[in-house]
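Summary of the model geometry
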Amino acid sequence: MGVDGFEGKQGSSCSWRFLTRRKKVNSHVEDNNNNSHGVQLAKELTIPHLMAIGVGATIGAGVYVLVGTVAREHAGPALPLSFMVAGFAAALSALCYAELASRFPSAGSAYHYAYICLGEGVAWLIGWSLILEYGIGGAAVARGITPNLAALIGGVDNLPAFLSYQHIPGIDIVVDPLAAIMVFIVTWILCTGIKESTVIQSIFTMVNMCALMFVIVVGCYLGFKSGWVGYKLPTGYFPFGIDGVIAGSATAFFAYIGFDAVASTAEEVKNPQKDLPLGIAASLSLCCGFYMIVSIVVVGLVPYYDINPNTPISSAFADNGMQWAAYIINAGAITALCSSLLGGMLPQPRILMAMGRDGLLPPFFSDINEHSYVPVKSTVVTGLASAALAFFMDVSQLAGMVSVGTLLAFTVSAISVLIVRYIPPIEVSLPPSLQEPIDVESMEYVWSHLETFENDAKKKPLVVKEDVSLDYLLIPKNHAIDTFVHNGNRKRIVGYVIAFICLGVFILTFAAASTYFLSSVRFTLCGVGGTLVLSGFVFLTCIDQDDARHKFGKSGGFTCPLVPLLPIICILINSYLLISLGGATWMRVCVWLAFGVIIYVFYGRNHSSLRIKVDDVNYIPSTFLA
């Protein structure tokens with residue numbers, strides 16, 4: 001058998017292996033050391049900075065609107081319970097994020113975790129989805145600034161002509177110049193440096209929190225003065241029942257999206273193993289506390305059915321004789337939008353940088369500025385795209401697409417925790433000349449012994465027959481084979497179990513969300529899915545976690561509790577929310593993902609840094625050939 005024949009056979013059998021090739025844990029460090037300018041992201045952030053980013057990105061203007069919608073349509077006076085349940089569900093994802101951010105502190109966030117644990121295909125899917133999320137999310141937030149500013153100064157007519165809405169005749173488009181201007185301002189702030197932008201983020205966040213504290217303190221005073229009329233209704237505390245509280249929590253869950261922005265700054269944190277988990281936990285706890293207390297005040301001041309769905313807080317104060325409070329509340333809403341815009345645009349350049357660093361996007365995106373130590377080029381591209389969307393489009397119809405990227409990232413993070421604990425990918429040991437970010441499952445043992453056997457072959461040539469497998473050729477026949485085979489079987493079996501859990505979750509959540517199916521079909525599918533999930537949970541509970549997890553990534557940081565129960569519940573919740581987003585949203589998302597697949601197939605797959613190194617390793621010395 002010649003070289004060509006072997007390579008053809010290897011190529012045909014591994015034609016789809018590029019989707020599962022995985023990075024080494026410390027690949028981002030090697031990439032930084034090997035970049036042409038030697039410039040790295042500045043390590044400037046501490047816990048207060050992370051809290052400012054997390055709270056600022058999470059508590060947007062939604063709190064000034066969402067409380068009215070959820071109270072009127074779902075929860076009634078039990079609105080605080082909906083926010084509490086939603087906060088608990090978000091905390092499950094936050095705990096998974098905290099462990100992964102502690103183990104793999106990289107700017108890529110969920111994209112980086114997926115690349116290490118699940119492979120290049122899933123990593124591209126997550127990265128491309130997050131680009132969509134942050135792009136549309138930033139445009140949607142910017143579009144909300146104009147009406148809030150108009151309300152603060154007495155109406156749209158009081159805005160200068162160059163800042164107010166303009167209708168373009170002929171194409172029936174209403175442009176928003178102020179939204180685009182705000183995006184450009186935020187882009188400039190982000191380009192100045194991570195510490196400078198975080199300081200400004202902190203100022204916006206503090207003003208917003210002061211406005212919410214005003215709502216809480218003055219609202220409590222009005223509530224005690226009026227007797228909390230919202231809680232003295234004949235319909236009781238649960239007018240929509242417990243089901244209404246759960247349905248409200250599903251809507252309120254999206255109010256907690258934003259803490260993942262903290263994980264995206266991992267490479268810029270001074271002490272990531274300690275500060276990242278604390279920053280995520282503190283941000284989420286503070287947001288949950290504010291949401292619950294504000295909702296307690298609002299539904300107590302006004303009966304839930306009389307709450308204004310568009311301006312619930314200011315209307316509640318106006319009904320109690322405090323019309324002037326609307327100015328403070330609108331000021332808080334504007335600062336909340338600016339803070340949310342900063343926090344929403346911060347992660348996307350770092351995602352682009354990570355993907356460019358891995359070769360999946362052009363290296364243009366991976367450049368770090370020598371003066372500000374931030375990815376300025378990626379930030380400018382992000383700003384231009386968001387400004388264009390905010391200027392030309394009313395992105396409210398695309399708002400559902402924002403949630404897809406986050407929920408996919410939350411789901412993949414939970415799956416990654418299971419992989420890290422039970423089947424951590426084996427680090428491949430390669431010759432020094434090939435030490436690059438590479439960890440390919442298909443090469444987990446064979447190529448790590450390539451040089452040793454090549455030297456042996458020089459002393460005693462080996463004859464390879466057509467029917468002899470490469471594994472048989474390279475693995476020595478000694479006692480270590482049993483251990484290796486045992487470990488290999490264990491990884492394969494546990495991998496199938498985790499895959500069956502994910503399949504069971506999909507079947508279960510799809511059947512639960514598909515109300516148009518017959519009851520018998522739904523119950524059958526729920527039974528099948530539930531059986532798969534429960535069986536997988538019992539199996540993982542009964543076996544020991546892999547000892548290699550202690551050496552996989554940075555050890556000594558935060559560890560997610562209650563594994564495997566907590567990640568499985570997290571996968572269930574996020575999958576249900578994903579399926580519940582609706583067919584129209586998924587059609588739009590599929591168009592975006594299809595566009596991403598085209599880019600990956602024609603560029604990312606061929607320029608991936610892992611592909612280059614795999615091609616280097618796929619050299620078979622002549623001494624192995626007959």
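The rules behind each value
- Residues numbered from 1 in each chain as written.
- Predicted model: local features only at pLDDT ≥ 70, side-chain atom pairs only at ≥ 80, totals over all residues.
- Heavy atoms only, no water.
- Phe/Tyr/Trp six-rings, centres within 6.5 Å; stacked < 30°, edge-to-face > 60°.
- Helix = DSSP H or I, 4+ residues; strand = E, 2+ residues; numbered from the N terminus.
- Buried < 20%, exposed > 50% of the residue type's maximum accessible area, 1.4 Å probe, protein only.
- Core = buried A, V, L, I, M, F, W, Y, C linked by side-chain atoms within 4.5 Å.
- Contact = heavy atoms within 4.5 Å.
- Axes fitted to C-alpha atoms, helices over the stretch in contact; angles between N-to-C directions.
- Parallel < 35°, antiparallel > 145°, perpendicular 65-115°, else oblique.
- Left-handed = near helix turned anticlockwise from the far one by under 90°.
- Nonpolar A, V, L, I, M, F, W, Y, C, P; charged D, E, K, R; others polar.
- Salt bridge = Lys/Arg side-chain N within 4 Å of Asp/Glu carboxyl O.

Before going further, it helps to examine the packing of aromatic side chains. Scanning all chains against the criterion turns up 28 aromatic pairs. Pairing tryptophan 124 with tryptophan 128 gives two aromatic rings, centres 5.3 Å apart and planes at 15 degrees, and the pair type is stacked. Of this pair, tryptophan 124 and tryptophan 128 both sit in helix 7 (residues 120-143), four residues apart, which is roughly one turn of the helix. Look at tryptophan 124 and you get buried, because its relative accessible area is 5%. By way of ring pairs, the aromatic residues Tyr97, Phe104, Tyr113, Phe253, Phe254, Phe259, Phe410 and Phe552 are connected into one cluster.

Now for unusual backbone geometry. Note the cis peptide between valine 563 and proline 564, where omega equals 15 degrees. The topology assignment puts proline 564 in the loop between helix 22 (519-542) and helix 23 (565-579). Despite not being glycine, tyrosine 373 has its phi angle at roughly 60 degrees, a positive value. Here tyrosine 373 lies in the loop between helix 16 (347-357) and helix 17 (376-392). Take tyrosine 373: its relative accessible area is 37%, and that puts it in the partly exposed class. Positive phi outside glycine occurs at leucine 562, with the angle close to 55 degrees. Structurally, leucine 562 is set in the loop between helix 22 and helix 23.

Note on soluble globular proteins: their nonpolar side chains tend to be buried together. Among the nonpolar cores identified, the biggest contains 154 residues, and Tyr64, Tyr97, Phe104, Ile313, Phe317 and Leu341 are the most heavily contacted of them. Sorting elements by how many residues they give to this core places helix 18 (residues 399-422) first, with 15 residues.

With respect to the secondary-structure elements, leucine 149 resides in helix 8 (residues 145-152). Sequence separation between leucine 149 and alanine 331 is 182 residues; the distance between their C-alpha atoms is 8.0 Å. Residues within four places of leucine 149 in sequence aside, it is in contact with Leu159, Leu178 and Ile334.

Below, the discussion takes up the packing of helix 9 (residues 177-192) against helix 15 (residues 325-345). Helix-helix packing is described using two parameters, namely the angle between the two axes and the distance between the axes. Contact geometry for helix 9 and helix 15: axes closest at 10 Å, N-to-C directions at 55 degrees. One finds that helix 9 runs oblique with respect to helix 15. Two packed elements cross with a definite hand, and for helix 9 against helix 15 that hand is right-handed. Along its contact with helix 9, which presents Met182, Val183, Val186, Thr187, Ile189 and Leu190, the element helix 15 presents Cys338, Leu341, Leu342 and Met345. When its residues are assigned to classes, the contact of helix 9 with helix 15 shows nine nonpolar, one polar and no charged.

Where helix 7 contacts helix 16, the two axes come as close as 9 Å, and the packing angle between them is 155 degrees. What the angle tells us is that helix 7 and helix 16 run roughly antiparallel. Crossing of helix 7 over helix 16 shows left-handed handedness. Across the interface between the two elements, Trp124, Gly127, Trp128, Leu130, Ile131, Tyr134 and Gly135 from helix 7 touch Pro347, Gln348, Ile351, Leu352 and Met355 from helix 16. Residues of the contact of helix 7 with helix 16, tallied by class, amount to nine nonpolar, three polar and no charged.

Scanning all chains against the criterion turns up nine salt bridges. The salt bridge involving arginine 421 is made with glutamate 99; its shortest N-O contact spans 3.0 Å. One end of the pair, arginine 421, is in helix 18; the other, glutamate 99, is in helix 5 (residues 79-103), and 322 residues separate them in sequence. Each of the two residues, arginine 421 as well as glutamate 99, counts as buried. The shortest N-O distance in the salt bridge between glutamate 267 and arginine 357 comes to 2.7 Å. Remark: arginine 357 occurs in helix 16 and glutamate 267 occurs in the loop between helix 12 (260-263) and helix 13 (272-301); sequence separation between them is 90 residues.

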